[in-house]
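Take a look at the letters that make up each chain.
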Amino acid sequence: MTQAAKLTDMRTLLIQNADCIATFSSEKPGQGTELRNASLFIRGNQIEAIGPAVELPQSADEVIDARHHLVTPGLINTHHHMYQSLTRAIPAVQNAELFGWLRGLYPIWAALTPEMVFVSTQVAMAELLLSGCTTSSDHLYIYPNGVRLDDSIEAAHGIGMRFVASRGSMSVGQSQGGLPPDRVVEREDAILKDSQRLIEAWHDATHGSMVNVALAPCSPFSVSQDLMRESAQMARSYGVRLHTHLAENDHDLAYSREKFNCTPTQYAQDLGWLGPDVWHAHCVKLDDEGISLFAASQTGVAHCPCSNMRLASGIAPIRKMLNAGVPVGLGVDGSASNDAAHMVNEARQALLLARVGRAMQPPETRTSADGSTRTFFGCDLGPAEMTARDMLAVATRGGAQVLGRPDIGHLAAGMCADLALFDLRALGFGGGAVHDPVGALLLCASAQAAYTVVNGRVVVRQGQLTTVDLGPILERHNRLAVQLANQTH
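Residues numbered from 1 in each chain as written. Predicted model: local features only at pLDDT ≥ 70, side-chain atom pairs only at ≥ 80, totals over all residues. Heavy atoms only, no water.

Caption draft 1: Expanded view of the nonpolar core. Core analysis: the largest hydrophobic core is formed by 126 residues, its most contacted members being Trp-101 and Trp-109. Tallying contributions element by element places helix 3 (residues 114–130) first for this core, with ten residues. With residues near it in sequence (within four places) discarded, Trp-109 still touches Tyr-83, Gln-84, Thr-87, Trp-101, Leu-102, Tyr-141, Ile-142 and Pro-144. The next biggest cluster of nonpolar side chains, apart from the first, holds 20 residues, and it includes Ile-47, Leu-419, Leu-421 and Ala-450. (Core = buried A, V, L, I, M, F, W, Y, C linked by side-chain atoms within 4.5 Å. Buried < 20%, exposed > 50% of the residue type's maximum accessible area, 1.4 Å probe, protein only. Helix = DSSP H or I, 4+ residues; strand = E, 2+ residues; numbered from the N terminus. Contact = heavy atoms within 4.5 Å.)

Caption draft 2: View of the environment of Gly-272. Along the chain, Gly-272 falls in the loop between helix 8 (264–270) and strand 11 (278–282). Along the sequence, Gly-272 and Met-228 sit 44 residues apart, while their C-alpha atoms lie 8.3 Å from each other. When sequence neighbours within four positions are dropped, the list of residues in contact with Gly-272 reads Ala-232 and Arg-236.

Caption draft 3: Spotlight on helix 3. Relative to the 24 Å expected for 17 residues at 1.5 Å per residue, helix 3 spans 24 Å between its end C-alpha atoms, a close match to the ideal helical length. By the criterion of burial, helix 3 is predominantly enclosed, with 14 of the 17 residues buried. Just downstream of helix 3 lies Gly-132, where phi reads positive at about 90 degrees. (Expected span 1.5 Å × (residues − 1).)

Caption draft 4: Just unusual backbone geometry, in detail. In this model, Asn-338 is joined to Asp-339 through a cis peptide bond whose omega is -5 degrees. Assignment of secondary structure puts Asp-339 in the loop between strand 13 (328–330) and helix 12 (343–359). Positive phi, close to 55 degrees, is recorded for Ala-312, a residue that is not glycine. Structurally, Ala-312 is set in the loop between helix 10 (305–310) and helix 11 (318–324). Backbone geometry at Asn-455 places phi at a positive 55 degrees, although glycine is not the residue there.

Next comes the structure, spelled out in structure tokens:
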């Protein structure tokens, strides 16, 4: 590295005089972690100091006036399929559940090209960055026409997002009892060879890394048990993480029982897919035994509420998971099953859905010390099944834990400089932020970020991307979306 590059890397950034900085530096949200009239000083890609504005430096290479703003850690997206941005709102699958939705879209995705993956990844990441998300995973599991995971990684590098690139795969087609058409599955030896190549080429385990690689066979209904086992063995030999879909809906549950004679959690346990280096998407149908096994093994969950509602999959028991000690992060899931990638809105929906889920629980009869009994309905137990701060913790600290990143997820000296600023003067905050700016972020209309900082670099400034020209990319993306749909045969 040249001296000039070193000097650039050590540039300073001052976030000055924020109305509120919600650091989430404690495992108990809100307890001493919200600073009023505070500043945050960044040197290079790390936070150097945070505290009362009068106690921090008053100048830097760049100063952002954060008066009237809420500062939060950058939000963390733990599950996505970014290429699906090309197939949002496809009429034929607008009302389908998971399996019917997949059957309708597999033939379209079979026409994907490397250009389509690159452009759709940048569009998906732009949407995330503009909503205050600084780190995202992506699960790319279909590789037709020369598509490679490298296409996504290069897109992330260009737009400036911290990235966990998951090498997904499908190897069991319809002729072998799987769900996907045979023409979109790969040979397992080729999958494993490419997985090794990607880890060796791209994975960076250092503090502040911008790219991690994970291995992610797609689902119980699209890969073999052998591939699951061999992927786990390879991942652990290299020290990378494992990811897949699990227990997403009733059909998913029935498939595991019919094909493997066990529950999804028992299936995962038998294959070595429980542990602190594993996270599973959805887990809507995780039973009490599954929750206990996940908690004991510290296996993570990516909660995707909008997708679960869109595909009528159900309501994941997130509060029960958290109470048991299961690591839980938030995910927007694929843009064809959401159909959005707005992390603040995802957190808001997760908050509201958790409360609906609690109200739907069957009545509980409790006996008091004097022998009297009382029946409690869900609503009797209070509306705070999940608080706004609880859910923001899931979207920040929780996501960092699920992705195995102790260097992100909260704001403190020595942490990566990933953060988002929200303008509390926006119309949607009117009458709310004056009472509680942190609670208002989720309870009021979902806001766009005024500023998003990734690794000390301002990638969204005053609501606009600074790294790419979004207009031409979006035009190209829409043209490719039409082309993709028209190529289906």
